[in-house]
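# Structural characterization, general
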Amino acid sequence: VSIEEYKNALIVPKDPNGKPLVDVKAITVVEDADTSKEGYSPAKIQVVYDDGKTEEVVVIVKVLPDYIEQTDPNKKPDVPDNCVKGVVETTDKATEDITRTFWVNPSKEVRIPVDNPIGKEVTKADGTKDFTWLFTGWDNELTQQFTRETTIRAQLRATLSIQTWDKKLLMNNIKMQ
């Protein structure tokens, strides 16, 4: 937790006009919060005011996970300002064309938790199977340090079934061998 974050968390008394009664001159961390696990963790800071007075304050720090999924497509979740947007797209070649958005801690290596998509089967006009899309990987790593907005797309390629080949061509290939 940065000094600036502690300073922003302080509630300084104000006069009836909303002007702070004292200004914070400096903050020193006496005991930092344990940010190794999600939840709440106490920290102790020493606050020095402009009038020279000092005060030791216990601050309760809310420790968030290293990523948070955005569940409402129209509303960013309540995350720290420095979180970076990571978008994962399965594409329309998958059985489910899904776009998921995550907000990620940019200071750590994080794995975005998504399953590999299943490719959809494509049929011919007569209803017979033409080919299936096969998942071959992601165009960007799911595990990385996200320092800027990143989109990760599933990569799928067509896999032909023997039914889609011209049977005469197949027979000619067998005879030549």
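Reading the values: rules and limits
- Position numbers for residues start from 1 in each chain and track the written sequence from start to end.
- Since the coordinates come from a predicted model, pLDDT governs what is reported: local features require at least 70, and pairs of side-chain atoms require 80 or more to be given and counted, while whole-chain, interface and lining totals use all residues.
- To get the side-chain values, all heavy atoms of the structure are used, and hydrogens and water are removed first.
- What counts as a helix is a DSSP run of H or I of at least four residues, what counts as a strand is a run of E of at least two, and both are numbered from the N terminus.
- Atoms considered for the radius of gyration are the C-alpha atoms alone. The globule rule reads 2.2 Å times the number of residues to the power 0.38.
- Only protein chains enter the area calculation, which uses a 1.4 Å probe; residues under 20% of their type maximum are buried, those over 50% are exposed, and those in between are partly exposed.
- By definition, residues are in contact when any of their heavy atoms lie within 4.5 Å.
- Under the convention used here, Asp and Glu are negative, Lys and Arg are positive, and both His and the chain ends fall outside the count.
- To locate a charge, take atom NZ for lysine, CZ for arginine, CG for aspartate or CD for glutamate.
- Stacked, tilted and edge-to-face pairs are distinguished by plane angle, under 30 degrees for stacked and over 60 for edge-to-face with tilted covering the rest, among Phe, Tyr and Trp rings (Trp via its six-membered ring) whose centres lie within 6.5 Å.
- Here, the term nonpolar core denotes a set of buried Ala, Val, Leu, Ile, Met, Phe, Trp, Tyr and Cys residues that are joined through side-chain atoms within 4.5 Å.
- For patch building, the residue pool is restricted to those with more than 30% relative accessible area and no salt bridge; the joining distance is 9 Å between like charges and 5 Å between nonpolar side chains (Val, Leu, Ile, Met, Phe, Trp, Tyr).
- In short, Shrake-Rupley with a 1.4 Å probe defines the accessible areas, and a residue's cover is counted only from the protein chains shown.
- Salt bridge criterion: a side-chain nitrogen from Lys or Arg within 4 Å of a carboxyl oxygen from Asp or Glu.
- Only strands joined by at least two bridges in the DSSP assignment are considered to pair.
- In this analysis, axes come from line fits to C-alpha atoms, helices being fitted only over the stretch in contact, and the angle between any two N-to-C directions falls in the range 0 to 180 degrees.
- For this analysis, a polar contact is any N or O atom pair within 3.5 Å, provided that within protein one partner can donate a hydrogen and the other can accept it, and provided that sequence-adjacent residues contribute only side-chain to side-chain pairs.

Right, let's get into the overall build of the protein. If you tally the helices and strands in the protein, you get two helices and eleven strands. Since a compact globule built from 177 residues should have a radius of gyration of about 16 Å, the 28 Å found for the protein marks it as more spread out than a globular shape. Taking the principal axes of its C-alpha atoms as reference, the protein extends roughly 95 × 35 × 25 Å. Residues counted as buried form 29% of the 177 residues belonging to the protein. Restricting to contacts in the protein with at least 6 residues of sequence separation, those with at least 24 account for 44%. Looking at charge distribution, the protein has the averaged site of its 24 positive side-chain charges lying 7 Å from that of its 30 negative ones.

Let us look at the packing of aromatic side chains. If you walk through the whole model with that rule in mind, you get three aromatic pairs. When the ring of Phe131 is compared with that of Trp133, the centres are 5.2 Å apart and the planes differ by 85°; the resulting orientation is edge-to-face. One exposure class covers both Phe131 and Trp133, and it is buried. Arranged with centres 5.3 Å apart and planes meeting at 65°, the rings of Phe135 and Trp138 form a pair that is edge-to-face.

What follows concerns the nonpolar core. Generally speaking, soluble globular proteins have nonpolar side chains that are buried together. Among the nonpolar cores identified, the biggest contains 16 residues, and Val88, Ile112, Val114 and Trp138 are the most heavily contacted of them. Of all the secondary structure elements, the ones that give two or more residues to this core are strand S5 (84-89), strand S6 (99-104), strand S9 (129-138) and strand S11 (150-160). Membership of the second largest hydrophobic core comes to 14 residues, among which are Tyr6, Val12, Ala43 and Tyr49.

So, on to a nonpolar patch on the surface. The grouping of Tyr40, Val58 and Ile60 at the surface amounts to a nonpolar patch, some 370 Å² of accessible area in total. Tyr40 sits in the exposed class, given a relative accessible area of 63%.

The next point concerns the pairing of S6. Pairing analysis gives four bridges linking strand S4 (residues 67-70) to S6, with the strands arranged antiparallel. Each residue of the ladder has a partner; that of Gln70, found in S6, is Thr101. Here S5 runs beside S6; their pairing, made up of six bridges, is antiparallel. Within the sheet, the bridge partner assigned to Glu89 lies in S6 and is Thr99.

Within this structure, the stated rule accounts for four salt bridges. Note that Arg153 and Glu89 form a salt bridge whose closest N and O atoms lie 2.9 Å from each other. Pair noted here: Arg153 is in strand S11 and Glu89 is in strand S5, with a separation of 64 residues, a long-range link. According to the relative accessible area criterion, Arg153 is partly exposed, its value standing at 36%.

Before going further, it helps to spend a moment on the sheet that holds S5. The mixed open sheet is built from six strands, whose spatial order is S4-S6-S5-S11-S9-S8. Because the sheet does not close on itself, it has two edges, and the strands there are S4 and strand S8 (121-123). Neighbouring strand axes in the sheet, compared pairwise and without regard to direction, differ in orientation by 25° on average.

What follows covers the environment of Gln70. Mapped onto the elements of the fold, Gln70 is located in strand S4. Not counting chain neighbours up to four residues away, the residues in contact with Gln70 comprise Lys75, Lys76, Pro77, Thr101 and Trp103. Polar side-chain contacts of Gln70 include one of 2.8 Å to the side chain of Trp103.

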